[in-house]
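Structural overview
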Amino acid sequence: MLYLIIVTIVWSFSFSFIGIYLSGQVDTWFAVVMRVLLAFVTFIPFFRIKNILPKQMVSLMGVGACQLGVMYFFYYNSFQYISVPEVLLFTITTPIYVTIIYDLLQRHRLRLSYLLTAVIAVIGAAIIRYDHISSQFIIGFLLIQGANIVFALGQVGYKRIMELYPLPQHHAFAWVYLGAIIVASIGWFLFGNPEKLPTTQLQWEIIIWLGVVASGLCYFLWNYGATKVDSGTLAIMNNVVIPTGILVNVVIWHQSIDWGRFLLGSAVIVFALILHHKFKKLEAN
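Residues numbered from 1 in each chain as written. Predicted model: local features only at pLDDT ≥ 70, side-chain atom pairs only at ≥ 80, totals over all residues. Heavy atoms only, no water.

**Topic: empty space enclosed by the protein**
If a probe the size of a water molecule is rolled over the atoms, the empty space left behind becomes visible. Following the criterion strictly, the structure yields 2 cavities of 30 Å³ or more and no others. Its volume calculated, the largest cavity comes out at about 330 Å³. Lining the largest cavity are 20 residues; nearest its centre among them are Trp11, Phe15, Tyr75, Phe151 and Tyr219. Elements with a minimum of two residues in the lining of the largest cavity: α1 (2–11), α2 (14–22), α4 (54–78), α8 (137–164) and α10 (201–226). Counting residues per element, the lining of the largest cavity draws most heavily on α8, which supplies 4 residues. (1 Å grid on protein atoms, 1.4 Å probe; cavity = no way out; pocket = protein on both sides within 12 Å on 5 of 7 lines; lining within 4 Å. Points joined across faces, edges and corners; volume = space filled by probe spheres on them. Helix = DSSP H or I, 4+ residues; strand = E, 2+ residues; numbered from the N terminus.)

Here it is, written out as structure tokens:
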């Protein structure tokens, strides 16, 4: 779980960087293409064709297409309709999608205990982040739900691929990023706006940071961590980014916070994690 915690801390900065410096200023598809291209370049030294089955290649590329390509399209466009706090709010359903998709992929009944703790984590995140919602919230909400679903599908799909066809994960993830590049490049070719490229050094620096660190290193560490924990823990950890994202807004951008709601909601998320591990022990016995 250490990998998931490290990535959560890094990703907590991404929301504000995108919302403040890129959204509405840099073309969405260009930002996505550059982000996944830089991530792929980071992993080129580990790219391998030998000893990887065609089924593994296609499956891993499908993970990248969903988790990074399609997800980023939904995610980046949502900032045009809703604020950073609202983006954080609407991501709280991801744990439910993770739990449901994982059980469906394993072709067994839904584990109600896992679903219960995921719902509790969602409640905790809602306590922290529920606030006034803008008039365009429906479009933003639907875009973020699309991002949540494909992000959950990608990380759960990767977890299942590693369970069924294990191989060195640093080799596997080069194929993940290749799949993301294909989808993002098609999106840029069809819908990109070449007149909205980055115009400042800061925008380029943020795109490079998002590509190499937030995507290249952190998506690898997140999916690697996902293979080391059960689906219930993975589901709950998807919402830990909400309180960390709030803290970044408070500390770096000096935004106000309702500390009572923040502490209560964080406690509920921690309670969900503790409760989940108790359920695991009961199942093991």
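**Considering the packing of helix α3 (residues 28–43) against helix α9 (residues 169–191)**
Put simply, α3 and α9 touch, their axes get as near as 8 Å, and they point 155° apart. Between α3 and α9, the interaxial angle falls into the category roughly antiparallel. Viewed along their axes, α3 and α9 form a crossing whose handedness is left-handed. Along the lines of polarity and charge, the residues of the contact of α3 with α9 split into 19 nonpolar, 3 polar and no charged. (Axes fitted to C-alpha atoms, helices over the stretch in contact; angles between N-to-C directions. Parallel < 35°, antiparallel > 145°, perpendicular 65-115°, else oblique. Left-handed = near helix turned anticlockwise from the far one by under 90°. Nonpolar A, V, L, I, M, F, W, Y, C, P; charged D, E, K, R; others polar.)

**Considerations on a nonpolar patch on the surface**
Judged by side-chain polarity, Ile182, Ile186, Phe189, Leu190 and Phe191 come together as a nonpolar surface patch covering roughly 580 Å² of accessible area. Among the secondary structure elements, isoleucine 182 is positioned in helix α9. Judged by its relative accessible area of 38%, isoleucine 182 falls in the partly exposed class. (Patch = residues over 30% accessible without salt bridge, like charges linked within 9 Å, V, L, I, M, F, W, Y side chains within 5 Å. Areas by Shrake-Rupley, 256 points an atom, 1.4 Å probe, with all protein chains shown as cover. Salt bridge = Lys/Arg side-chain N within 4 Å of Asp/Glu carboxyl O. Buried < 20%, exposed > 50% of the residue type's maximum accessible area, 1.4 Å probe, protein only.)

**Things to note about the packing of α4 against α8**
At a minimum axis distance of 8 Å, the contact between α4 and α8 shows a crossing angle of 160°. Between α4 and α8, the crossing angle belongs to the class labelled roughly antiparallel. When you trace α4 past α8, the crossing you get is left-handed.

**Here's the deal with the packing of aromatic side chains**
Here the structure, examined in full by the defined rule, presents 27 aromatic pairs. Ring centres of phenylalanine 43 and phenylalanine 220 lie 5.3 Å apart, and the angle between their planes is 55°; this geometry places the pair in the tilted category. Placement of the pair is phenylalanine 43 in helix α3 and phenylalanine 220 in helix α10, with a sequence separation of 177 residues. A connected cluster of aromatic rings, assembled from ring pairs, spans Tyr3, Phe43, Phe46, Tyr158, Phe173, Tyr177, Phe220 and Tyr224. (Phe/Tyr/Trp six-rings, centres within 6.5 Å; stacked < 30°, edge-to-face > 60°.)

Purely geometric numbers; function is a separate question.
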